[in-house]
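Chain and residue survey
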Amino acid sequence: MPQMNDFTISLQEIKFLAPKLNRGLQLVMVIAGEIVVETNSHYYSLEEKDLLIINRNELYQISGSDHNRVLIITIEDDYMVRNYTAYRNSRFECYSKEVDVGREQLVKTIRKLLAETLISYYRKDDSYRIEILSFINRILLILIRRFKQKSSRLANININDHRLTQIITFIEENYNEPITLEETASKFYLSAGYLSRYFKDNMEIGFTRFLMKVRLEHAVKDLLYTSNTIERIAMNNGFPSAKSFAKLFKDTYQQTPKTYRKDHQHKQEDKVKVYRYDDDSQDIKPREIVEKLRIFLEEEITESYDNTEWLSEELTIDVSQTESNKIVRPWHNLWIGELREALKEGVRSQLLMARKDIGLDYVGVSRLIHGNTIIPHTETDEIIASTSPYYNADFALNFIHKHGFSLFVRVDFREISEDEEHYFKELELFLNHCLNVYGSTFLKSWYFMFYEPFVTAVSEKEMCRVYKKLYKILKQILPSFQVGLFLPFSFEEERTSQHHQWMVDSDVSVDFVGYEANQNDVIDFKNLDDEPFAYAANYMKEKTEKLKKFLRKHQMEKPVHLISWNTLTGNTRFTNGTFFRGALVFRNALEIASDVESLGFWINTEQHEKKGKNNEIPLEGMELYH
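These figures come from a predicted structure and were not determined experimentally.

**Examining the overall build of the protein**
- Along the backbone of the protein there are 22 helices and 18 strands.
- Partitioning the intrachain contacts of the protein with sequence separation of at least 6 by distance along the chain shows that 76% fall at a separation of at least 24.
- Counting every atom, the protein has about 32700 Å² of accessible surface; 49% of that belongs to carbon and sulfur.

**Observations regarding the side chain of aspartate 412**
- In this structure, aspartate 412 sits in strand S13 (residues 406–412).
- Judged by relative accessible area, which is 12%, aspartate 412 ranks as buried.
- Other than its neighbours up to four places away in sequence, aspartate 412 contacts Ser366 and Tyr451.

**A word on the nonpolar core**
- Ranked by internal contacts, the top residues of the largest apolar core, which has 90 residues, are Leu397, Phe430, Trp446, Phe450 and Phe481.
- Broken down by element, this core gets its largest block of residues, nine residues, from helix H17 (residues 460–477).
- Those residues within four positions of phenylalanine 450 in sequence are excluded, and the remaining contacts are Val411, Phe413, Ile416, Met463, Val466, Tyr467, Leu470, Gly484, Leu485, Phe486 and Trp502.

**A short note on the packing of helix H15 (residues 420–438) against H17**
- Two numbers describe how H15 lies on H17: the axes approach to 10 Å, and their chain directions differ by 25°. Here H15 is positioned roughly parallel relative to H17, judged by the angle of their axes. With respect to the hand of their crossing, H15 and H17 are arranged in right-handed fashion. Within the contact between the two elements, H15 uses Glu420, Phe424, Leu427, Glu428, Leu431, Asn432 and Leu435 and H17 uses Glu462, Arg465, Val466, Lys469, Leu470, Ile473, Leu474 and Ile477.
- Considered class by class, the residues forming the contact of H15 with H17 number nine nonpolar, one polar and five charged.

**Topic: the pattern of salt bridges**
- Evaluation of the coordinates by the stated rule reveals 26 salt bridges.
- Among the salt bridges present, the one from aspartate 66 reaches lysine 15, with a minimum N-O distance of 3.5 Å. Residue aspartate 66 is found in the loop between strand S6 (59–64) and strand S7 (69–75), and its partner lysine 15 is found in strand S1 (residues 7–21); the two are separated by 51 residues along the sequence.
- For aspartate 66, a relative accessible area of 53% gives the class exposed.
- Residue lysine 15 is classed as partly exposed on the basis of its relative accessible area of 37%.
- Here the residues in one salt-bridge network are Glu420, Glu462, Arg465 and Lys469, joined through shared partners.

**Section: helix H10 (residues 257–264)**
- Those residues of H10 lying buried are Pro257, Tyr260 and Arg261. Taken end-on, H10 shows its buried residues confined to a sector of 100°, consistent with a single buried face. Seen from the buried face of H10, the exposed residues on the opposite side, beyond 90 degrees, are Lys258 and Lys262.
- Buried-residue contacts for H10 involve helix H7 (207–225), helix H8 (230–236) and helix H9 (242–253).

**A look at the packing of H7 against H9**
- For the pair H7 and H9, the least separation of the axes is 11 Å and the interaxial angle reads 90°. On the basis of the axis angle, H7 is roughly perpendicular to H9. On H9, the residues touching Met212, Leu216, Ala219, Val220 and Leu223 of H7 are Phe245, Leu248, Phe249, Thr252 and Tyr253.
- When the residues that make up the contact of H7 with H9 are grouped by side-chain class, the tally is nine nonpolar, one polar and no charged.

**Focus: the sheet that holds strand S11 (residues 331–337)**
- The strand order around the closed barrel built from eight strands is S11-S12-S13-S14-S15-S16-S17-S18, with neighbouring strands paired in parallel fashion. On average, adjacent strands in this sheet sit at an angle of 30° to one another, irrespective of strand direction.
- Here strand S16 (residues 513–517) runs beside strand S17 (residues 560–565); their pairing, made up of five bridges, is parallel. Its bridge partner being in S17, valine 513 is matched across the sheet by valine 560.
- Contacts from H17 reach S13, strand S14 (447–451) and strand S15 (482–486), with the element oriented near 160° to S15.

**As for the environment of valine 365**
- You can see valine 365 is positioned in strand S12 (residues 362–366).
- As for valine 365 and valine 411, which are separated by 46 residues in sequence, their C-alpha atoms are 9.0 Å apart.

**Remarks on the pairing of S12**
- Across the five residues of S12, five count as buried, placing the element largely inside the fold.
- Residue alternation in S12 divides its side chains into two sets, Tyr362, Gly364 and Ser366 and Val363 and Val365, and both sets are buried.
- Relative to S12, S11 runs parallel, the two being bridged by four bridges. The residue of S12 that forms the bridge with asparagine 333 is tyrosine 362.

**Structural notes on the confidence of the model for the protein**
- Overall, the prediction assigns the protein a mean pLDDT of 82, with 80% of residues at 70 or greater.
- Every residue in residues 304–309 is under pLDDT 50, and counting partners more than four places away or in other chains gives 13 contacts.
- Low confidence marks residues 611–626, where pLDDT is under 50. Its contacts with residues over four positions away, or in another chain, come to 35 contacts.

**Let's talk about a positive patch on the surface**
- Positive charge collects at one region of the surface, where Arg197, Lys549, Arg552 and Lys553 lie side by side.
- If one sorts the elements of the positive patch by residue count, helix H20 (residues 539–553) sits on top with three residues.
- What makes arginine 552 partly exposed here is its relative accessible area of 43%.

**Topic: empty space enclosed by the protein**
- The tally for this structure, following the rule as stated, stands at one cavity of 30 Å³ or more.
- For the largest cavity, the calculated volume is near 60 Å³.
- Every residue lining the largest cavity is listed: Thr39, Tyr44, Leu52, Ile53, Asn55, Glu58, Arg91, Phe92, Glu93 and Cys94.
- Breaking the lining of the largest cavity down by element, the ones donating at least two residues are strand S5 (51–54) and strand S8 (90–92).

Each value, and the rule that gives it
Residues numbered from 1 in each chain as written. Predicted model: local features only at pLDDT ≥ 70, side-chain atom pairs only at ≥ 80, totals over all residues. Heavy atoms only, no water. Helix = DSSP H or I, 4+ residues; strand = E, 2+ residues; numbered from the N terminus. Contact = heavy atoms within 4.5 Å. Areas by Shrake-Rupley, 256 points an atom, 1.4 Å probe, with all protein chains shown as cover. Buried < 20%, exposed > 50% of the residue type's maximum accessible area, 1.4 Å probe, protein only. Core = buried A, V, L, I, M, F, W, Y, C linked by side-chain atoms within 4.5 Å. Axes fitted to C-alpha atoms, helices over the stretch in contact; angles between N-to-C directions. Parallel < 35°, antiparallel > 145°, perpendicular 65-115°, else oblique. Left-handed = near helix turned anticlockwise from the far one by under 90°. Nonpolar A, V, L, I, M, F, W, Y, C, P; charged D, E, K, R; others polar. Salt bridge = Lys/Arg side-chain N within 4 Å of Asp/Glu carboxyl O. Arc of directions from axis to C-beta. Pairing = 2+ DSSP bridges. pLDDT = per-residue confidence, 0-100. Patch = residues over 30% accessible without salt bridge, like charges linked within 9 Å, V, L, I, M, F, W, Y side chains within 5 Å. Lys, Arg positive; Asp, Glu negative; His and termini not counted. Charge placed at Lys NZ, Arg CZ, Asp CG, Glu CD. 1 Å grid on protein atoms, 1.4 Å probe; cavity = no way out; pocket = protein on both sides within 12 Å on 5 of 7 lines; lining within 4 Å. Points joined across faces, edges and corners; volume = space filled by probe spheres on them.

Right under this line is the structure:
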């Protein structure tokens, strides 16, 4: 519950205010006369009705004319942090003389609310606390929605690197806490080693050194503009001890903190008169104050400008440099389940629609041999059999061939192990049949991907043996077949499982590597806050980069194919505004377009049957929005 000590409200006559470090968010409005505010080497000249916001941790000093009247409201840091989590990493640019076109009415609204706050504060009727809280919160909402900018430190980093922005923000918000590289890495679902390399590569400074630099910057301000002891300053800014603070300080400034303070801190006397409501001896009376404030209360405000429902944020767009890179489109692969699905009119219409709308190159299928597509061989006394076990397969392949698609086959270890001898015999018969019917021109672009999931009880040796046998048989049938592996890969640990390590360590022939990228793997769904979802925002891109780095480390630079992926929106309050699923799908696909050979999509029935243990759930459409 907010308390009145969360705010300081005062009417002052300011002749001179010595340099100070602002604690909190300060709103300065001139009711009469003139003042000059100097803050971080910027000069602001304020006359009657002018308004200025002074941000937290900002150095400022004020000088003024005779008989000025200045309303100053300070909102404490604690109140802001409790009620606005982005506060420590935000600043508010609001100077009434330089306000952008379209925000003039908002400045008028703030002035009116400030005047009402002071009147309510002086009047002190039985509801004045509620009134003041209401006025101040309305002012804050306007500032947050319409006048917020990112802190200067974030202005210098790559705005497209959302994870780096989040890490810098975390440091800025928690520099005064005993945070470590390991704790930060864990919070962002990274290993400590990876975070250390990633941070230095992007910031050109190590994580720990950057953290100490931030702490030192804040500590220097405290040293010059507060009377706190060296020990208190060290503690307040996250240093483990006064000794560690003093050592870093001397290494940086070649002086001890005590000597530096003595040489640079110049005490000056404030010349300020504060007007109190209950002081009859002062030269201005409450009634006169109210009369002065009437001009603010009577200002005409266009109500349409007083709408703060939607967030407005200033963005800087640099058009001085243009990118010459062309957009790369990987070929698209739509998974339909078993090949027989292509016999269904609904699936066919989906395939043709996908080809028209996004461009479709491959149809992905699984359980090619032991599924329900190939009809079991039956004994017959016919000299020439009137039926073929490939009847269904031929109809499906006719459609695929006619429309210019090719085939991407997932070969599951489990399917082979059901009856290994039978599997390879039937595979050879079926592929030789396809060569006779369609010719090598159609088949030479087919892909075969050996698949076994991350969690498996199969030994490395056995898995490796079966893959080598598969590779050999396929290449003997048609050397142009592309034969590769699905590589289970841990995002957090940046490695594959022990059972799959043979894929990169053994001397095996591989034409390509398939992988999955599903943010669900790193999200704790018991925590429904936005923060975990934000951390996974660039998961696809980052996992792809980690995987390719892992492959390079093992001298296995092969084309990679993203077989399956997912997108997350986090908070869906703004589903039709800030968050839009289609845009996220497009953005994720675009970000990795130049890194992958193919991008997989899938049909509802194939995904839901997998979850429902092949219960043949009816087709509903492309699974882009599950």
